[in-house]
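Inside the fold
Spelled out, the chains give:
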Amino acid sequence: MSVLTFVVIGLLLYWSLKKFMKPRNFPPGPPSIPILGSLPFMPKEAMATGILWQHFKSRYGKVMGMMIGDQPVIGIYDFDLIKEAYSKEEFSARPNSELHDFRMLGKKRGIVMNDGYGWKVHRRFTLKTLKDFGFGNASVEDGILEEANHICDHIAKKNGSPFKAEDVFNVGILNIMWKILTHKRFDLEDPRLANCVRAINGQFSSDRVRIVLAMPWTRHFFPEMSGWNDWKKFAITMQDMTKQILDEHEPCFGPNHEPLDFITAYKEEAKRTGDPEFNDRDLQTTISDIFVASSDTTAHTLSWGLLYMILHPDIQKKVQHEIDDALLGREPTLEDRARLVYTDATLAEIQRRANIVPGALPHRVSKEMKLGGYTIPKDSMVISSLYYVMHDPDYWKNADQFDPTRFIENGKFRKDERFVPFGIGKRICLGDTLARNELFVVFIRLMQRFNFEASPDHPYPKEEYLPSTVMGPKPFHLRAIPRS
Ligand code: HEM
């Protein structure tokens with residue numbers, strides 16, 4: 001072997017050790033090999049379900065580290081450590097990814113996968129605007145109630161015959177958001193809603209595409225198998241749709257020149273501040289972010305809700321009795337929450353058990369940090385196991401049982417800081433209040449109008465996840481029998 005070959009092999013070895021091996025004082029985790037990193041050591045089941053590496057908790061403890069390709073990935077299971085990390089700006093960036101850049105029209109924009117100054121101003125503006133339109137404001141509340149009634153009317157048309165829960169919630173929930181964004185609602189049968197739901201579902205259910213997130217080069221070699229082609233197709237559908245929404249949108253003001261929808265408010269903010277961060281492309285991405293973040297999440301939670309009511313008919317009855325006694329047949333308002341303690345606790349238990357976003361969304365560490373005594377390298381991807389926090393057997397009594405009473409104390413709803421379906425810290429869901437209000441009103445209307453039971457013509461539903469970033473139950477059939 002010539003000296004040159006020897007040197008080249010030596011350099012290659014050094015490069016691959018540096019690039020693919022774990023850095024010093026990295027949290028414990030599975031081994032790592034060049035190119036693939038720890039991928040061959042991932043349990044198949046954890047990859048498929050998206051219940052992120054709970055499997056590893058018993059082996060490696062509260063913080064674990066692994067390599068996916070040359071990307072360091074950290075999993076945090078411990079509530080206090082997640083709280084400590086996610087209260088810091090440095091743990092609150094989002095991964096740099098060409099996959100998401102493609103969705104965001106070429107670079108980081110909007111809210112969900114944006115970071116830095118652009119994220120801050122968009123998050124602040126969106127939070128404030130949604131609040132101004134009023135999470136408790138009569139028009140948003142009326143909008144939710146109107147949509148809840150349309151969903152119930154749609155279910156009533158089934159005349160007691162079996163249907164799939166997933167088919168009834170998505171479009172209705174999307175319509176609530178559509179009205180907040182554009183001041184318009186659609187008929188539930190409108191193909192635009194169905195088209196948008198398909199694109200959102202497609203992006204979330206493409207679990208395979210996580211590989212492209214960690215190893216971007218795979219998309220060039222396996223564009224189909226890696227899920228890249230599907231991702232692009234769904235992203236383009238959303239881009240076309242948000243562009244059309246903007247092209248057709250007419251500014252909409254109230255009597256005191258106050259904006260009546262999100263898009264009008266955004267354009268006014270752009271004029272008022274002159275900040276170039278507020279522009280049409282960021283607005284397009286923000287609209288897409290809000291649609292994507294709000295619809296599957298809320299709709300899947302409602303599907304889980306009906307599943308649990310079928311699996312626990314005694315709890316369904318108790319909820320209905322409480323609602324009937326308190327409301328005497330009238331429609332709910334948000335002010336009824338304090339009187340519907342068992343119903344509110346049941347909704348919390350549905351969210352705890354269903355845990356539809358088990359690993360939250362991935363964060364990125366913007367500079368080298370310490371956590372739990374370990375070194376977390378700059379640009380590591382961080383996953384927080386919300387699943388573990390809400391199912392920790394050392395904290396929750398009979399964590400695997402469906403039991404609403406865990407959220408009741410002395411006849412009142414008991415708040416628990418480890419109830420974290422919306423995440424923790426600086427990146428916590430900005431639609432949490434809106435989502436809780438939607439769930440409250442829609443669930444109550446469903447319970448008032450129907451008894452839900454399993455379909456006798458289909459397999460009995462089970463508490464099983466459909467693998468995805470946002471996890472709904474495996475499709476199941478049910479019957480809705482109108483209540484007299
Ligand atoms: C049951 C319904 C919902 C659940 C369980 C849920 C859960 C979550 C979770 C876990 C995150 C990620 C937190 C993190 O990265 O650490 C998130 C982010 C987000 N959610 Fe929700 N969400 C729901 C409904 C909504 C709704 C209705 C909206 C509408 C505005 C919304 C808007 C967002 C946005 C914009 C983000 C990104 C926040 C950021 O990156 O700063 N979500 N949500």
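Conventions and cut-offs
- Residues numbered from 1 in each chain as written.
- Predicted model: local features only at pLDDT ≥ 70, side-chain atom pairs only at ≥ 80, totals over all residues.
- UniProt positions renumbered as here; feature names shortened; annotations may be inferred.
- Near = placed C-beta within 6 Å.
- Helix = DSSP H or I, 4+ residues; strand = E, 2+ residues; numbered from the N terminus.
- Nonpolar A, V, L, I, M, F, W, Y, C, P; charged D, E, K, R; others polar.
- Pairing = 2+ DSSP bridges.
- Contact = placed C-beta atoms within 7 Å.
- Axes fitted to C-alpha atoms, helices over the stretch in contact; angles between N-to-C directions.
- Buried ≥ 20, exposed ≤ 12 C-beta atoms within 10 Å, placed from the backbone.
- Expected span 1.5 Å × (residues − 1).
- Core = buried A, V, L, I, M, F, W, Y, C linked by C-beta atoms within 7 Å.

The protein is annotated in an unreviewed UniProt entry as Cytochrome P450 of Tigriopus californicus. The record held by UniProt for the protein lists under Cofactor (unreviewed entry) the comment "heme".

The local shell around the ligand holds 24 residues, among which Ser294, Thr297, Gly423, Cys429 and Gly431 are the closest. Looking at the shell around the ligand, the elements that each hand over two or more residues are α14 (280–311) and α18 (432–449). Residue contributions to the shell around the ligand peak at seven residues, all from α14. In terms of residue class, the shell around the ligand is made up of 15 nonpolar, six polar and three charged.

Another aspect to go through is the sheet that holds strand β3 (residues 163–164). Spatially, β3-β11-β10 is the arrangement adopted by the three strands of the open sheet, whose pairing is antiparallel. What marks the edges here is a single partner per strand, and that holds for β3 and β10 (450–454). Relative to strand β11 (residues 477–482), β3 runs antiparallel, the two being bridged by two bridges. The partner of lysine 164 across the bridge, within β11, is histidine 477. This element, α14, spans β10 and β11 of the sheet and lies at about 75 degrees to β10.

Along any regular strand, the residues point their side chains to alternate faces of the sheet. Side chains Met381 and Ile383 of strand β7 (residues 381–384) all project onto a buried face; the interleaved residues Val382 and Ser384 project onto the opposite face, where all are buried too. For strand β4 (residues 363–364) and β7, the ladder comprises two bridges, and the chain directions are antiparallel. Across the sheet, residue histidine 363 finds its bridge partner in β7, namely valine 382.

Note: α-helices contain 3.6 residues per turn, so residues at a spacing of three or four share the same orientation. The terminal C-alpha atoms of helix α16 (residues 341–354), which comprises 14 residues, lie 20 Å apart, in line with the 20 Å expected from a rise of 1.5 Å per residue. Here α16 has its buried residues at Tyr342, Thr343, Asp344, Ala345, Thr346, Leu347, Ala348, Glu349, Ile350, Gln351, Arg352 and Ala354. The secondary structure elements touched by the buried residues of α16 are α14, α15 (313–327), α17 (386–391), β8 (408–409), β9 (412–413) and α18.

Formed by 114 residues in total, the largest nonpolar core has its most connected members in Leu174 and Phe443. Here this core takes 14 residues from α14, the largest share from any one element. Once you skip the residues sitting within four places of it in the chain, phenylalanine 443 turns out to touch Leu302, Gly305 and Leu347.

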